[in-house]
Amino acid sequence: MPSLATLWIPFTLIAAAGQVARNAMQRSLTAKLGTWGATNIRFLFGFPFSLLFLAAVLLTTGDRLPWPPLAFGPWLLLGALTQILGTGLMLLAMTDRSFVVTTAYLKTEAIQTAIFGFVFLGDPLSPTKLVAILIATVGVVITALRPGGERRFAEWKPTIIGLVAAASFALSAVGFRGAIITVEGVSFVTSASYTLVWGLFVQTLILSIYLLVRAPKVLRGIIVLWRPSMLAGFTGAFASQFWFLAFALTAAANVRTLALIEVLFAQAVSYYSFKQPISLRELFGILLIVAGVALLIAV
């Protein structure tokens, strides 16, 4: 049985697998609801499930409902708002001809998370751990690039969009971890679940108001498609629950680096479901990811 100190590893693997499933469900709804409508599903329909998760945790652990300290709010807002910003930039990149390069820059999230976590939370960052994160990040960048994509690597637009989006997601991970560790006097499971509830509430409120003002038809479409949206919302909340449990136990950089294993899950889906062959470049990138993750876990 894994110890409490290593539980973040299975938590992260479960979260990464859940995220792959959630992305697949969101993708099927994007054509009908648009990108922001499909994005809001993970918040709007995930929020009720986060309440159920918290209720189950409180009943199981016997913890009281926490009262957040003053520091909780700023950390939570940092996590919630930067995640929305990162998503917006990522969606913007999808419409650009340099999307492949932007995606490669997006994969620097893990190394940026390590830096932000060290600066803002004092999370430990040993030289060996930094090397492990760099190896895994290089592997993901190599896997993300497509033939000819490296020609646009020096262009400023995909560089800025990719790096700022990655920084946004990195700050989001650090912000949510910062919020979780401020909740004291309860188990780590309760603090993680409590933070998830508030995070999804804030994100649901912001995106729903945005859609109400800018695209009310999309909100009506979400309601009409409530059945598939409910399943996608549950899967999203389930994945987020385990992300937050992992954040409660270890540095956000450890979680986001191990989460790069998601690339392997996606490659497996492409290979077995769509019969897409794996190139030598992708295989080399995958080997680097595995090596970096293995070194991270070993230290």
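Criteria and cut-off values
- Residues numbered from 1 in each chain as written.
- Predicted model: local features only at pLDDT ≥ 70, side-chain atom pairs only at ≥ 80, totals over all residues.
- Heavy atoms only, no water.
- Helix = DSSP H or I, 4+ residues; strand = E, 2+ residues; numbered from the N terminus.
- Buried < 20%, exposed > 50% of the residue type's maximum accessible area, 1.4 Å probe, protein only.
- Contact = heavy atoms within 4.5 Å.
- Axes fitted to C-alpha atoms, helices over the stretch in contact; angles between N-to-C directions.
- Parallel < 35°, antiparallel > 145°, perpendicular 65-115°, else oblique.
- Left-handed = near helix turned anticlockwise from the far one by under 90°.
- Nonpolar A, V, L, I, M, F, W, Y, C, P; charged D, E, K, R; others polar.
- Polar contact = N/O pair within 3.5 Å; in protein donor to acceptor, adjacent residues only side chain to side chain.
- Phe/Tyr/Trp six-rings, centres within 6.5 Å; stacked < 30°, edge-to-face > 60°.
- Core = buried A, V, L, I, M, F, W, Y, C linked by side-chain atoms within 4.5 Å.
- Salt bridge = Lys/Arg side-chain N within 4 Å of Asp/Glu carboxyl O.
- pLDDT = per-residue confidence, 0-100.

Participant: Lay out the overall build of the protein with the relevant residues and their values.
Facilitator: Across its full length, the protein holds 13 helices and 0 strands. Listed by position from the N terminus, the elements making up the protein come as α-α-α-α-α-α-α-α-α-α-α-α-α. Here the protein holds 299 residues, and the buried ones make up 52% of them. A separation of at least 24 residues holds for 87% of the contacts in the protein among residues at least 6 apart in sequence.

Participant: Just give me the short version of the packing of helix 7 (residues 156-182) against helix 10 (residues 226-249), but keep the residues and values in it.
Facilitator: Between two packed helices, both the angle of their axes relative to each other and the distance between the axes serve to describe the pair. The interhelical angle for the contact between helix 7 and helix 10, taken along N-to-C directions, is 70 degrees, at an axis separation of 9 Å. Between helix 7 and helix 10, the crossing angle belongs to the class labelled roughly perpendicular. Where helix 7 crosses over helix 10, the handedness of that crossing is right-handed. On helix 10, the residues touching Ala173, Phe176, Arg177 and Ile180 of helix 7 are Phe244, Phe247, Ala248 and Leu249. For the contact of helix 7 with helix 10, the per-class residue count stands at 7 nonpolar, no polar and 1 charged.

Participant: An account of the side chain of Gln241 is requested, with residue identities and associated values reported.
Facilitator: Tracing the sequence through the fold places Gln241 in helix 10. A relative accessible area of 8% means that Gln241 is categorised as buried. Within the structure, Gln241 has its side chain in polar contact with the side chain of Ser193 (distance 2.7 Å). When neighbours within four sequence positions are excluded, Gln241 is seen to be in contact with Phe53, Ser193 and Leu196.

Participant: Give a description of the packing of aromatic side chains that names residues and reports values.
Facilitator: One pair of aromatic rings is described through two measures. These are the centre distance and the angle between the planes. Considering all chains together, one arrives at 13 aromatic pairs under this definition. Ring centres of Phe53 and Phe234 lie 6.3 Å apart, and the angle between their planes is 65 degrees; on these two criteria the pair is classed as edge-to-face. Within this pair, whereas Phe53 is found in helix 2 (residues 46-61), its partner Phe234 is found in helix 10, the two being separated by 181 residues in sequence. Residue classification places Phe53 among the buried positions, given a relative accessible area of 18%. Here Phe234 falls in the partly exposed class, since its relative accessible area comes to 33%. The rings of Phe11, Phe49, Phe53, Phe188, Phe234, Phe238 and Phe242 are connected pair by pair, giving a single aromatic cluster.

Participant: An account of the environment of Thr204 is needed here, citing residue identities and associated values.
Facilitator: In this fold, Thr204 is placed in helix 8 (residues 188-214). Along the primary structure Thr204 and Leu44 are separated by 160 residues, whereas in three dimensions their C-alpha atoms are 5.1 Å apart. Sequence-distant contacts of Thr204, that is, excluding residues within four places in its chain, are made with Asn40, Phe43, Leu44 and Phe47.

Participant: Explain the nonpolar core residue by residue, including any values.
Facilitator: Looking at soluble globular proteins, one finds that nonpolar side chains tend to be buried together. Counting 50 residues, the largest nonpolar core has Trp8, Trp243, Phe244 and Phe247 as its most contacted members. Apart from the residues within four sequence positions on either side, Phe244 is in contact with Phe176, Ile180, Ala192, Thr195 and Leu196. Counting 10 residues, the second largest nonpolar core, distinct from the first, contains Leu29, Ile41, Phe45 and Leu225.

Participant: For the pattern of salt bridges, give the residues involved together with the corresponding values.
Facilitator: Pairs can form between side chains of opposite charge whenever their charged atoms are close. Under the counting rule described, the total for this entry stands at 2 salt bridges. A salt bridge links Asp123 to Arg177, with the shortest nitrogen-to-oxygen separation between them at 3.2 Å. Of this pair, Asp123 sits in the loop between helix 5 (109-121) and helix 6 (127-144) while Arg177 sits in helix 7, and the two are 54 residues apart along the sequence. The class of Arg177 is buried, set by a relative accessible area of 11%.

Participant: Would you mind going over the confidence of the model for the protein in detail, with residue names and values included?
Facilitator: Regions with low pLDDT carry predicted coordinates that are not meant to be interpreted in detail. With 88% of its residues at a pLDDT of 70 or more, the protein shows a mean pLDDT of 86. Looking across the protein, the model is least confident in helix 12 (residues 262-274), with a mean pLDDT of 65, and most confident in helix 2, with 97.

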